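Residue strings, one per chain:
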Number of protein chains: 4
Amino acid sequence: MLGLGVIGAGYWGPKHVRNFVGLGAAMDWLADTDPGRLEAVKANYPHLRTTTDYRELLAAREVDAVVIATPVATHAELAEAALRAGKHVLVEKPLAQSSAAARKLVELADARGLVLMVGHTFLFSPAVQYLRDLIRSGELGEIYYVHSQRLNLGIFQPDINVMWDLAPHDVSILMHLLGLPVTGASAHGRGYVQTGIEDVAQVNLTFGEHVHAMIHVSWLDPNKVRRMTVVGSRKMVVYDDVETLEKIRIFDKGVEPPPVSGFGEFQLSYRYGSITVPYLPSVEPLRAECQHFLQCIETRQLPLTDGWHGLAVVRVLEAAQASLRDSSRFYEVDCTLGPLVLNGTADLDETLEEAKV
Amino acid sequence: MLGLGVIGAGYWGPKHVRNFVGLGAAMDWLADTDPGRLEAVKANYPHLRTTTDYRELLAAREVDAVVIATPVATHAELAEAALRAGKHVLVEKPLAQSSAAARKLVELADARGLVLMVGHTFLFSPAVQYLRDLIRSGELGEIYYVHSQRLNLGIFQPDINVMWDLAPHDVSILMHLLGLPVTGASAHGRGYVQTGIEDVAQVNLTFGEHVHAMIHVSWLDPNKVRRMTVVGSRKMVVYDDVETLEKIRIFDKGVEPPPVSGFGEFQLSYRYGSITVPYLPSVEPLRAECQHFLQCIETRQLPLTDGWHGLAVVRVLEAAQASLRDSSRFYEVDCTLGPLVLNGTADLDETLEEAKV
Amino acid sequence: MLGLGVIGAGYWGPKHVRNFVGLGAAMDWLADTDPGRLEAVKANYPHLRTTTDYRELLAAREVDAVVIATPVATHAELAEAALRAGKHVLVEKPLAQSSAAARKLVELADARGLVLMVGHTFLFSPAVQYLRDLIRSGELGEIYYVHSQRLNLGIFQPDINVMWDLAPHDVSILMHLLGLPVTGASAHGRGYVQTGIEDVAQVNLTFGEHVHAMIHVSWLDPNKVRRMTVVGSRKMVVYDDVETLEKIRIFDKGVEPPPVSGFGEFQLSYRYGSITVPYLPSVEPLRAECQHFLQCIETRQLPLTDGWHGLAVVRVLEAAQASLRDSSRFYEVDCTLGPLVLNGTADLDETLEEAKV
Amino acid sequence: MLGLGVIGAGYWGPKHVRNFVGLGAAMDWLADTDPGRLEAVKANYPHLRTTTDYRELLAAREVDAVVIATPVATHAELAEAALRAGKHVLVEKPLAQSSAAARKLVELADARGLVLMVGHTFLFSPAVQYLRDLIRSGELGEIYYVHSQRLNLGIFQPDINVMWDLAPHDVSILMHLLGLPVTGASAHGRGYVQTGIEDVAQVNLTFGEHVHAMIHVSWLDPNKVRRMTVVGSRKMVVYDDVETLEKIRIFDKGVEPPPVSGFGEFQLSYRYGSITVPYLPSVEPLRAECQHFLQCIETRQLPLTDGWHGLAVVRVLEAAQASLRDSSRFYEVDCTLGPLVLNGTADLDETLEEAKV
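Cut-offs used in this document
Residues numbered from 1 in each chain as written. Chains lettered and ligands numbered in written order. Predicted model: local features only at pLDDT ≥ 70, side-chain atom pairs only at ≥ 80, totals over all residues. Helix = DSSP H or I, 4+ residues; strand = E, 2+ residues; numbered from the N terminus. Rg over C-alpha atoms; globule rule 2.2 N^0.38 Å. Buried ≥ 20, exposed ≤ 12 C-beta atoms within 10 Å, placed from the backbone. Contact = placed C-beta atoms within 7 Å. Nonpolar A, V, L, I, M, F, W, Y, C, P; charged D, E, K, R; others polar. Least-squares fit on C-alpha atoms with pLDDT ≥ 70 in both. Axes fitted to C-alpha atoms, helices over the stretch in contact; angles between N-to-C directions. Left-handed = near helix turned anticlockwise from the far one by under 90°. Pairing = 2+ DSSP bridges. Right-handed = clockwise from strand over helix to strand, strands pointing away. Domains from an automatic or database assignment. Parallel < 35°, antiparallel > 145°, perpendicular 65-115°, else oblique. Core = buried A, V, L, I, M, F, W, Y, C linked by C-beta atoms within 7 Å. Expected span 1.5 Å × (residues − 1). pLDDT = per-residue confidence, 0-100.

A. Main features of the overall build of chain A. Assigned secondary structure in chain A consists of 10 helices and 15 strands. The C-alpha radius of gyration computed for chain A amounts to 21 Å, which stays within 12% of the reference 21 Å derived for 357 residues, consistent with globular compactness. Over its C-alpha atoms, taken along the principal directions, chain A stretches across nearly 80 × 45 × 40 Å. Looking at chain A residue by residue over its 357 residues, the buried ones come to 52%. Here the contacts in chain A between residues at least 6 apart in sequence split such that 68% fall between residues at least 24 apart.

Below, the structure written as structure tokens:
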């Protein structure tokens, strides 16, 4: 049985503890600089060994794998230390604050033959998997563009802007859905509440040759919105993650481009068909993610959200950040970075099946 | 009693006929190049005199005022002819295809002492009036930004892009709500169905010194969306025009910026309060618009959506169009163009009261 | 061309005028006791001949058919007079206040060979036609029960209770959907605002052998609700008439009854599948109804909502009213009253097709 | 520190364990006849002592209070055993299957001076507390009636019908909201999937002199509905428990009854005002319930949902069940059963405050 340790007892750490316990892993160690937080988690899991010094956790022989759920600024340093200690690593998103740091981690894990996975949790949700299959099947036709909104009031972060906080989800999901690397980025944003820290931003991305995505993120919106619209030449889909039961709506709607003709007649034909709302099983994505991590360690399979995936996300955000500081100028992005960003989903289907609530 | 003539029997023309008849005006003449359309309207209003030559209508002595509801490309020419014939003019939006042409009309009307009004209908809706009063009252605090979406499938136009088709509404509404001129514009768009004609676009505008608006328009979206979010420092409002009964929702939510302190402690406080959905009377905005036109002719009051207002909208669209063709570069806009763009609403309140369905 | 006359210029009368004009009928006469109302309609239709004495209308030779859109209490008398004058009759629902009076009208029309139709408008809506076809196709399996809610604030009527005001819709729709006569009824209700006039009521009906319907009507509810849930052994449907675009939602959900077994094991299996929202054309049901009336006169086809249909509705309401006054006791209903209550819909499909907006 | 034991490790038992652990109680013992279930819970709480014989739990000296979360049929026997063993008891709803059995428990707890509480969890939700305060404040005016729907697909129970499964919530909530005892009941129901076990039912209740409630419960509905509409003479409220953020909507709508006049003029005036959606804190009601139980033991305060409350609910269901078996005949109910059914909420406000998520 694999031995697990979690570094960070803030928002995500205790959720990882709960899920690994639920999966029957040897969830042994928890580290955090704040003893109060350690105590709070230990109340529910009295067998946990806790420490305020993560090096003690990394030194423990029974720990085979480490989850890093600490503030973004510490991801790179802690992940490196864990890899150097010979541990498999699952690190919360984003993998690092720079692509240079992220790349170093990827190469280190490769060199040591260790699993490095990034917590892009949404890829483990049934809705995203369903949508990916739908897109790959060609049912939507050619994908024209995607529009995504991720809005709510707060949570403001003191050190990163809204784009680094929320857009990693969109970038990761879109790379997975489209199976294409990002080739260009521009961004536009403003900070209203804290000077110099954008709380509203728009990011425009190009995937591959000509699929475009518009991403709108905000910490300053009265409604919680998590809505992605995928517009294809044959059908259109709205994926609304705030909905409990109807996350995916497939619209059999479209518009036919005018046939080439010598007469210049303007004639578009519209198609209005039915809407389908597929049934999706109830799964806690984090549980599927934890399970996938355990499996990848066991089988040495490349994780769906491996280091290359995490690095690609950081690279895109870097380019968007540069644009943000440069009058929204368009920046090219090079994401052709080694192994394929995307892996098969066969195994994941099984994982989702097992993770059903 | 004023004598009315309508040029254009397409989508809007017959609605104008119906409303002027309902208001008890002498709705005498209808012109269109298509005799079939004339006949269709005449079936319901047998007393209408019809003609395929608008000059016959303009020559009619009993016609005091003319409504121009024809394709955009013909607005300027027809409006000029009507003004030169001494008629008051209500022209559908946008006023013209260039600010030069629009300006010429404004000056001509001024010189002749005739009423020139543009059909920016939304300004005559109770929701927009309510929202304007709310913003002016200071209840929302300082306005940070506005985000607006105007999406649906179709209606594609053969000669103008989605921005010229849908964004005039947003520009007009926002000038009215904020009471500020547009000072800068940039735009980004793509044409998927027809080469060279954008069917999806994003427009970023600056109003006055520092209020920003993001406008997202699309002819290629599965849902009909007409949603404007106004984010203030104290409260936030969502105006959803697709809703029948709950068009305005006021969120008593906010985030307090951190007090200046020497300790660098990060401390924002959030406020979550109740939501209020005000009752709004049921009014057909077009009826209020028609009534306002009649009143302005009678009293020589400057219309709420006068020529200057219409000209300002065209000027903003021109700048956005330039940006669209120039890699989304930011363009400055000069809208300080004479009389105040915005007038009082006292009279309008009365108009809306009378126009209740 | 058929000549039409409308008696009653209240809420429905002018709508009939508009639709018959739109259908190209010779819409010649309008009668109402209130000259002000006549004038208001005539403003839009100057060619209309008006009278405050309906007998003048009935005496007009050019009038072949009459629409009766007056208060319920006058339906029977006016319809009888019109039939005796040799006119075809379309009367607003309910046909009469008693089944005796309704029966008399049905027999009179039969004897004279005239068309008698009742304005159960919902049967001419695409949603009801779609639902009927769905039920008839067997796709829902065996129909277990139907639950219907028709709620809103107002409109209170001075002389009839909420059941007579709103439940005729449900009874008519359900007879049409199920293709079964009502065999039993009970009702429960209370009057809160006006003593002795129920403003909230529940009606329980049995259709045929064992399909049950629960109908909840109210003039005292804050929301406008028009929702019918049809629960079948294989699928379930919600028909929500307040929705603009998604009136019908088909749920591929069900529960399998336990197989008979000797072990008494409790084992039900649930099925959760996708939801489908069919596209429905945009039709004004009243226009389809008017068109159907004209066709039936021309072809002497029995109308979908003929006198027998209207009589059945009245008979059911009578029984429910008796129950209301008798401690909600169950009353048997005999609706086997001559010709089949339901006719084919082949012609109607065509009518709906033509009536598309 | 109080020692706790939980009997029953099915759906609710583990939730009680989690909450008492979270509240810092000495959560020591868990009993269930199924060793597999015990093991599953113990995996998360390794310090728990488990047993398949509840008598061992009751014999444990360190156990001061017992939670009974077993099938309904065993409530009475287990609660009695626990009280006889000198333990305070929190039993899941309904308290017992007959009012005789429930009464016996109430009297036993009284005689021994032990706390007996019933798990009517909804009374510990912020929405119900808010609504209760609103009603008590008089802001809704005179309460006319309440309509409640509690619908979904499943969960079918093998031994009780849908009314005993779902209606206890409504009865308990309504007694609390209205502060009135039930004085009469009738019910109507049908079993479609399992012969003899109703899966759809309507219950009509009278509270005090003249407040009426209609309760519609179903295990056979495609949508999950938890909606209660309270109609008062001044305002109306919809409490929708399926909504995440907008559970309570207050409609400032009403209709004024006609003034008595000698002229018989029909004149009702309607009032349409704004809708208010109050902000409600996020609380897990079960946590507040557990906390309240601990407090009542400590202070010997009568619980909000004490034995008398639980007994009253059972008495109402008994009467409704009798009506169900007796052609929906109206049955009188006597709920004047000793101490007041309802207690103050001052303490609860504090409890809810502390239980905020």
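Picking up where we left off.
B. Looking closely at the interface of chain C and chain B. Listed as interface residues are 5 residues of chain C and, on the opposing side, 5 residues of chain B. Looking at side-chain class alone, the side of chain C that touches chain B contains 3 nonpolar, 2 polar and no charged residues.

C. How the structure looks around the relation of the copies chain A and chain B. For these two chains of identical sequence, chain A goes onto chain B by a turn of 180° and a shift of 0.0 Å along the axis, with RMSD 0.0 Å. This pairing of chains is accounted for by a two-fold axis. Here 100% of the interface residues in chain A have copies in chain B that are interface residues too; the copies meet face to matching face.

D. Inspection of the relation of the copies chain C and chain B at higher detail. Superposing chain C onto chain B takes a rotation of 180° combined with a translation of 0.0 Å along the rotation axis, leaving an RMSD of 0.0 Å. Both copies present the same face, since 100% of the interface residues in chain C are matched by interface residues at the equivalent positions in chain B.

E. How the structure looks around the interface of chain A and chain B. Listed per partner, the contact involves 35 residues of chain A and 35 residues of chain B. Elements represented by at least two residues in the side of chain A that touches chain B include exactly β7 (143-153), β8 (182-190), β9 (200-207), β10 (211-218), β11 (220-232), β12 (236-240) and β13 (248-256) of chain A. Looking at the side of chain A that touches chain B, the element that brings in the most residues is β11 of chain A, giving 6 residues. Its residues assigned to classes, the side of chain A that touches chain B shows 22 nonpolar, 10 polar and 3 charged.

F. Just the packing of helix α1 (residues 13-22) of chain A against helix α8 (residues 285-299) of chain A, in detail. All names here are of chain A. Close contact between α1 and α8 brings their axes to 9 Å; oriented N to C, the two are set at 65°. In this structure, α1 crosses over α8, and the sense of that crossing is right-handed. When α1 is examined against α8, the residues K15, H16, N19, F20 and G22 are found in contact with a partner set consisting of L286, R287 and C290.

G. Structural view of the pairing of strand β4 (residues 65-68) of chain B. Residues and elements named next belong to chain B. Burial of the side chains of β4 extends over both faces: A65 and V67 are buried on one face and V66 and I68 on the other. Across 4 bridges, strand β1 (residues 3-7) lies against β4 in parallel orientation. Across the sheet, the residue bridging to V6 is V67, located in β4. Bridge analysis of β4 against strand β5 (residues 88-92) gives 4 bridges, and the strand direction is parallel. Bridge pairing in β5 links V67 to L90. In terms of handedness, the path from β4 via helix α4 (residues 75-84) over to β5 forms a crossover that is right-handed.

H. Fine view of helix α1 (residues 13-22) of chain D. Residues of α1 of chain D that are buried: G13, H16, V17, N19, F20 and V21 of chain D. Taken together, the buried residues of α1 of chain D touch α2 (35-44) of chain A together with β1 (3-7), β2 (26-31), α2 (35-44), β4 (65-68) and α8 (285-299) of chain D. With its phi angle positive at about 80°, G24 of chain D sits one or two positions after the end of α1 of chain D.

I. Representation of the domain arrangement of chain A in the model. Residues and elements named next belong to chain A. Splitting chain A by domain gives domain 1 (3-121 + 285-306 + 339-354) and domain 2 (123-276). For domain 1 and domain 2, the distance between their C-alpha centres works out to 29 Å. Where the side of domain 1 that touches domain 2 is concerned, the elements lending two or more residues are α8 and α10 (346-354). With 4 residues, α8 is the largest single contributor of residues to the side of domain 1 that touches domain 2. Grouping the amino acids of the side of domain 1 that touches domain 2 by side-chain chemistry returns 10 nonpolar, 5 polar and 2 charged.

J. Fine view of the packing of helix α4 (residues 75-84) of chain A against helix α5 (residues 99-112) of chain A. All names here are of chain A. Between α4 and α5, the least distance of the axes is 10 Å, while the angle of their chain directions is 10°. Taken together, the axes of α4 and α5 lie roughly parallel to each other. Between α4 and α5, the residues in contact are A76, A79, E80 and L83 and A101, L105, L108, A109 and R112, respectively. Of the residues belonging to the contact of α4 with α5, the class tally is 7 nonpolar, no polar and 2 charged.

K. A look at the nonpolar core. Counting residues in each nonpolar core, the largest one holds 458 residues, and the members touching the most others are V316 of chain A, V316 of chain B, V316 of chain C together with V316 of chain D. Ignoring anything within four residues of it in the chain, the contact list for V316 of chain C reads V171, V182, A185, L205 and V333 of chain C.

L. Structural detail: the sheet that holds β1 of chain D. All names here are of chain D. An order of β3-β2-β1-β4-β5-β6 is seen for the 6 strands of this open sheet, with the pairing classed as parallel. Each of the sheet's edge strands pairs with one partner strand only, and the pair in question is β3 (49-51) and β6 (116-118). Strand after strand, the sheet turns through a mean of 20° between neighbouring axes, direction not considered. Sheet topology note: the β1/β2 ladder contains 5 bridges and is parallel. Bridge assignment links G5 to a residue of β2, and that residue is W29.

M. Broad picture of the environment of I197 of chain A. All names here are of chain A. Topologically, I197 is positioned in the loop between β8 and β9. Note: C-alpha distance between I197 and Y272 (75 residues apart in sequence) is 43 Å. I197 has contacts with N161 and G191, leaving out every residue within four places of it along the chain.

N. Summary view of helix α9 (residues 307-324) of chain C. In this model, α9 of chain C (18 residues) spans 25 Å end to end at C-alpha, consistent with the 26 Å of a helix rising 1.5 Å per residue. Burial analysis of α9 of chain C places 16 of its 18 residues in the buried class, the great majority of the element.

O. View of the sheet that holds strand β1 (residues 3-7) of chain A. All names here are of chain A. Across the sheet, which stays open at both edges, the 6 strands sit in the order β3-β2-β1-β4-β5-β6 with parallel pairing between neighbours. In the strand order of this sheet, the two ends are held by β3 (49-51) and β6 (116-119), each with one partner. Averaged over all neighbouring strand pairs, the angle between strand axes comes to 20°, with direction disregarded.

P. Region of the structure containing the pairing of strand β13 (residues 248-256) of chain D. Residues and elements named next belong to chain D. Across the 9 residues that make up β13, a large majority, 7, are buried. Pairing geometry for strand β12 (residues 236-240) and β13, over 4 bridges, is antiparallel. Within β13, the residue paired with V238 across the bridge is R249. Both β13 and strand β14 (residues 269-277) contribute to a ladder of 6 bridges, which runs antiparallel. Bridging across to β14, G254 finds its partner in R271.

Q. The environment of A213 of chain A, seen in detail. Residue and element names in this part refer to chain A. With respect to the element layout, A213 can be found in strand β10. The class of A213 is buried, set by 24 C-beta atoms lying within 10 Å. For A213 and S282, which are 69 residues apart along the polypeptide, the C-alpha to C-alpha distance reads 28 Å. Not counting chain neighbours up to four residues away, the residues in contact with A213 comprise Y145, V146, S148, L174, L205 and F207.

R. Up close: the confidence of the model for chain A. Residues and elements named next belong to chain A. Overall, the prediction assigns chain A a mean pLDDT of 90, with 91% of residues at 70 or greater. pLDDT under 50 marks residues 338-346. Its contacts with residues more than four places away, or in other chains, come to 14 contacts. For this predicted complex, the interface score ipTM comes out at 0.89, while the overall pTM is 0.92.

S. Expanded view of unusual backbone geometry. Across the junction of K93 of chain C and P94 of chain C, the peptide omega takes the value -10°, indicating a cis bond. Summarising the element assignment, P94 of chain C is placed in the loop between β5 (88-92) and α5 (99-112). Of note, the phi angle at S327 of chain C is positive, near 55°, even though the residue is not glycine. You can see S327 of chain C is positioned in the loop between α9 and β15 (331-332). Residue S327 of chain C is classed as exposed on the basis of its C-beta count, with 12 C-beta atoms lying within 10 Å. Of note, S328 of chain D is a non-glycine position whose phi angle comes to about 65°, a positive value.

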